[in-house]
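# Tertiary structure, described
The residues making up each chain are set out below.
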Amino acid sequence: MHFAPAEHARRFLADNPDIDLIELFILDANGVPRGKLLHREELLAVFESGRPLPSTILGLTLNGDDVEDSGLVWDVGDIDCRAYPLDGSLVRLPWRRVPTAAVQVSMHPSEGLPASVADPRHVLLKVIDALKADGYHPVMACELEFYLLDQQRDAQGRPQPALDSDGGRPRGTQVYGLRELEQIEPFLADLYAACKAQGIPARTAISEYAPGQVEITLEHGDALQAMDQAVRYKRLVKGIANAHGMQACFMAKPFAQLAGTGMHMHLSLADAAGNNLFASQDRAGTPLLRQAVAGMLRHLRESLLLFCPNANSYRRFQANSYAPLAPTWGVDNRTVSLRVPGGPAASRHVEHRICGADANPYLAAAALLAAAHQGIGEQLDPGAPVEGNGYAQASEFLPSDWLAALQALEQSTWAREALGEAFLGVYLKVKRAEHRQFMAEVGEQDWRWYLHQA
């Protein structure tokens, strides 16, 4: 694993003499950034010798509670584990009132033990390295939806869409509405400016399929870099929204009667020279593409918890909602789980439409890439693509509840081999602890559980 050299910190400090504070963060298994606020004079030492973080930081529930049987708490005395900065992650946070920067860290493979086994970024690295060893270089992009919510709840204490710039509250769906984008122009302007400053390739914005719902696509690139960008983009969106008096919500289903919020993952494989191995005049792609699809379909049930990690995630799966229901694939068809979009032959790729926006990008990418790799290795056949309404043609369905998905991952020999026995040991204990707590508090509406963290 390569970490950023100390020279990056020296150059950054010289170029940004006004920066007083540094937000150091690591992403936990639930996709929650956790860390510390450092002072300027502490930064260089982080690059030179790492920063100790408690072992428990990568074994917490979504609510930030210790999971005592994770192996990262009392068994090891909550030992300090050393994390180091990731290349390219030291950036300014332009929305902060006090000049502040951020740096993302990851556990050192040996100095970060025992917590390093639970670092989700390590899981993705392992899968990517296995693909590259076989000559496949994964190229990915994220398409993240989110709601812009009012920081004040409605009269019933429920979340509600944020006010438009004209003072009204969005009520209609208005998918692809241009006026809706114009109404949030100040937010979008600051968001795009911050993305540019941080090197995040934000592209097309659209008004999505619900009042106050927005989607912005990120440009494709190296899979690890693309997931790093997705992680920092979510943090950035939340910060910019907060500066505008709003809350950006990546919860999978904050409103029962409105569209859910997804994270579509776009995937192709390139050779060492960067040539797209899925490229084909055939709209269904090359045999390699179809083998990758077959692998993802085979292991969809086992990996569903990594795509849909919370109880609320499963409320998103509804017929005729643009969220998938079944292990299906198709060509230019938005009613299936795995879609091969249209477009020029050179752009041929797979759009994985299953993840909620509450998924951890590292873990979701690791699961779908590992499954695609096996599909290629075994030259699996996905069968004929679905044509027409995939909802009406579905003969088998994805698990519709959190516990079933949790049990499927627990029982998966493939997942333990592909993603790592040690990682899954911690992750499953965390999710089991969350499930117990959620069931004990089942009287609470589940949006209260996830609204803040998502």
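Everything below is about the structure printed above this text.
Residues numbered from 1 in each chain as written. Predicted model: local features only at pLDDT ≥ 70, side-chain atom pairs only at ≥ 80, totals over all residues. Heavy atoms only, no water.

## Regarding a negative patch on the surface
Residues Asp65, Asp66, Glu68, Asp69, Asp75, Asp78 and Asp80 make up a contiguous surface patch of negative charge. Summarising the element assignment, Asp65 is placed in the loop between strand 3 (51-54) and strand 4 (80-85). Its relative accessible area of 34% is what places Asp65 among the partly exposed residues. (Patch = residues over 30% accessible without salt bridge, like charges linked within 9 Å, V, L, I, M, F, W, Y side chains within 5 Å. Areas by Shrake-Rupley, 256 points an atom, 1.4 Å probe, with all protein chains shown as cover. Salt bridge = Lys/Arg side-chain N within 4 Å of Asp/Glu carboxyl O. Lys, Arg positive; Asp, Glu negative; His and termini not counted. Charge placed at Lys NZ, Arg CZ, Asp CG, Glu CD. Helix = DSSP H or I, 4+ residues; strand = E, 2+ residues; numbered from the N terminus. Buried < 20%, exposed > 50% of the residue type's maximum accessible area, 1.4 Å probe, protein only.)

## Let's talk about the packing of helix 6 (residues 223-243) against helix 9 (residues 361-377)
Contact pair helix 6 / helix 9: the axes reach a minimum separation of 9 Å and the direction vectors enclose 150°. Taken as axis vectors, helix 6 and helix 9 run roughly antiparallel relative to one another. Like other packed secondary-structure pairs, helix 6 and helix 9 cross with a definite hand, here right-handed. Here helix 6 contributes Ala223, Met227, Asp228, Ala230 and Val231 to the contact with helix 9, which in turn contributes Pro361, Tyr362, Ala365 and Leu369. Each residue belonging to the contact of helix 6 with helix 9 can be placed in one class, and the counts come to eight nonpolar, no polar and one charged. (Axes fitted to C-alpha atoms, helices over the stretch in contact; angles between N-to-C directions. Parallel < 35°, antiparallel > 145°, perpendicular 65-115°, else oblique. Left-handed = near helix turned anticlockwise from the far one by under 90°. Contact = heavy atoms within 4.5 Å. Nonpolar A, V, L, I, M, F, W, Y, C, P; charged D, E, K, R; others polar.)

## Things to note about the side chain of Asn360
For Asn360, the location among the structural elements is in the loop between strand 15 (350-352) and helix 9. Take Asn360: its relative accessible area is 2%, and that puts it in the buried class. At 2.9 Å, the side chain of Asn360 forms a polar contact with the backbone nitrogen of Tyr362. Excluding anything up to four places from it in sequence, Asn360 contacts Leu27, Asp28, Ala29, Asn30, Gly31 and Pro120. (Polar contact = N/O pair within 3.5 Å; in protein donor to acceptor, adjacent residues only side chain to side chain.)

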